[in-house]
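Below are the chains, spelled out letter by letter.
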Amino acid sequence: MSVRVEVVCVNADGSEHRREVLTVERRELAMETLGMTLSEGKALLTGVQDFVVAQQVHEHLEGRRVCPHCRGRHTSKDSGSTPVRTVFGRVEVPNPRWNRCACQVEGSNTFRPMRTWLNGQTSPEMLYLETKWASLIPFARVADLLKDVLPVGDSVNQETVRTHLYATAERMEQELGDERQLNLFEGSDEDWEQQPLPDGPITVGIDGGYVRAAHKQGWFEVIAGKSVVTFRRDDEGEVPSAKCFGFVQTYDEKPRRRFWELMKSQGMQENQQVVFMSDGGEDVRRVQAYLHPFSEHLIDWFHITMRLTVLQQQTKALQNERRETGADISKRLESVKHLLWHGNSEEALERLGNLLMELSLIQAWSAAARRLPLA
């Protein structure tokens, strides 16, 4: 059996241009001969990509060949091509040099018509795959993976991936904009009221931690978290939109801008409910404070229970000193935890206030009570 794969380009006038891109030969059916092989798939993608690129460039050059001023045709100075790496193989893109039309008296004598869009030698999709995978696995593994699944040839190596990753990161950094200032919101209350009905609330969990630097060169703080849109109003059955983020607190010069742009990419509006959940640490509060006019800031349940657990442990010293008093305080702290879990924060704060008042009375004669950090 022989299967021939052809690609057909249908022009605007109805004419067609064909090219055979692959012929598959099969004699016997077996598991290893079922369908196309990986190498045949790569060859097919490469052939189709080359054909599509050739047709696109031909149509573009024909459209640019006529001078828009006098309708005369540009004459060629010389030919040439530029190699471009795409996800489906390396293609040679014709890049000729044409003479300037005689009706024009200003500008250079020659020009390359492809320069209006041909900037770089790697397609955006290829850059996207390289930078996405390079942020997750080593550069050498990215190059091996691309070679295994795509017809990229030997033009991809770890140095290429590294260079493209750094260049993309630098470009994104330059496009980010200036850092957002505190207490500076865009628009007014009237402008926010006129915005369309927003999607569901955005919940942001954010926390910080210290990571040891390489070669034991000290420590650095990393702020990381996740932003989740509860639901999309256009499609409430859609899976909630979530995005993760992270940055080094002492290195990043635009943490608030980066954080704000991430939420904006999720469709955040000024009239939308935004809830920040954190441990209440100073560095975290500095990032999230005043980013949104109607934001709510909560200490997450994990850090609340962690602090209450520490208090419970510290009441053991008071129980050793005065058993009944220490047991009563421990029980009341447990009731505060129960109230907070069920959302009754008002009564929980009232009980903590009463507890603090009683402890202040016995601190004069109890060293264990003075060590309880309830203030």
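Quick caveat: nothing in here was measured; it's all calculated off a predicted structure.

A. Focus on the state of the cysteines. Scanning the model with the defined rule gives 0 disulfides in all. As a non-bridged cysteine, Cys67 has Cys103 as the owner of its nearest cysteine sulfur, 3.6 Å distant. The class for Cys67 is buried, based on a relative accessible area of 2%.

B. Here's a closer look at the confidence of the model for the chain. Per-residue confidence for the chain gives a mean pLDDT of 85; residues scoring 70 or more make up 94%. Mean pLDDT values for the elements of the chain range from 64 in helix H11 (residues 367-370) up to 94 in strand S4 (residues 81-86).

C. Looking closely at the sheet that holds strand S8 (residues 202-212). A sheet is described by the order of its strands in space; here 5 strands give the open sequence S10-S9-S8-S11-S12, paired in mixed fashion. What marks the edges here is a single partner per strand, and that holds for strand S10 (241-248) and strand S12 (295-299). Pairs of neighbouring strands in the sheet enclose a mean axial angle of 20 degrees, with direction left out of account. The sheet contact formed by strand S11 (residues 274-278) and S12 spans 5 bridges and is parallel. Bridging across to S12, Met277 finds its partner in Leu298. Sheet strands touched by helix H6 (residues 255-265): S8, strand S9 (219-229), S10 and S11. Its angle to S10, the strand with the most contacts, is close to 170 degrees. Packing of helix H8 (residues 301-321) onto the sheet brings it into contact with S8, S11 and S12, and relative to S12 it is tilted by some 35 degrees.

D. The arrangement of the pattern of salt bridges in detail. Per the stated rule, a full pass over the model turns up 18 salt bridges. The closest approach of N and O atoms between Glu92 and Arg90, which form a salt bridge, is 3.2 Å. Taking the relative accessible area as the measure of exposure, Glu92 reaches 38% and is therefore partly exposed. Where Arg232 meets Asp199, a salt bridge forms, and the shortest distance between an N and an O atom there is 2.8 Å. Linking Arg232 in the loop between S9 and S10 with Asp199 in the loop between helix H5 (189-193) and S8, this pair joins segments that are 33 residues apart in sequence. For the residue pair Arg232 and Asp199, the accessibility class agrees, reading buried in each case. If you follow the salt bridges from partner to partner, you end up with Arg4, Glu6, Glu16 and Arg18 in one network.

E. Representation of the environment of Gln121 in the model. Note that Gln121 resides in the loop between strand S7 (110-111) and helix H2 (124-134). In this structure Gln121 comes out as partly exposed when scored by relative accessible area, which is 46%. In this structure the C-alpha to C-alpha distance between Gln121 and Arg286, which are 165 residues apart in sequence, comes to 41 Å.

Quick notes on the rules
- Residues numbered from 1 in each chain as written.
- Predicted model: local features only at pLDDT ≥ 70, side-chain atom pairs only at ≥ 80, totals over all residues.
- Heavy atoms only, no water.
- Disulfide = S-S within 2.5 Å.
- Buried < 20%, exposed > 50% of the residue type's maximum accessible area, 1.4 Å probe, protein only.
- pLDDT = per-residue confidence, 0-100.
- Helix = DSSP H or I, 4+ residues; strand = E, 2+ residues; numbered from the N terminus.
- Pairing = 2+ DSSP bridges.
- Axes fitted to C-alpha atoms, helices over the stretch in contact; angles between N-to-C directions.
- Contact = heavy atoms within 4.5 Å.
- Salt bridge = Lys/Arg side-chain N within 4 Å of Asp/Glu carboxyl O.

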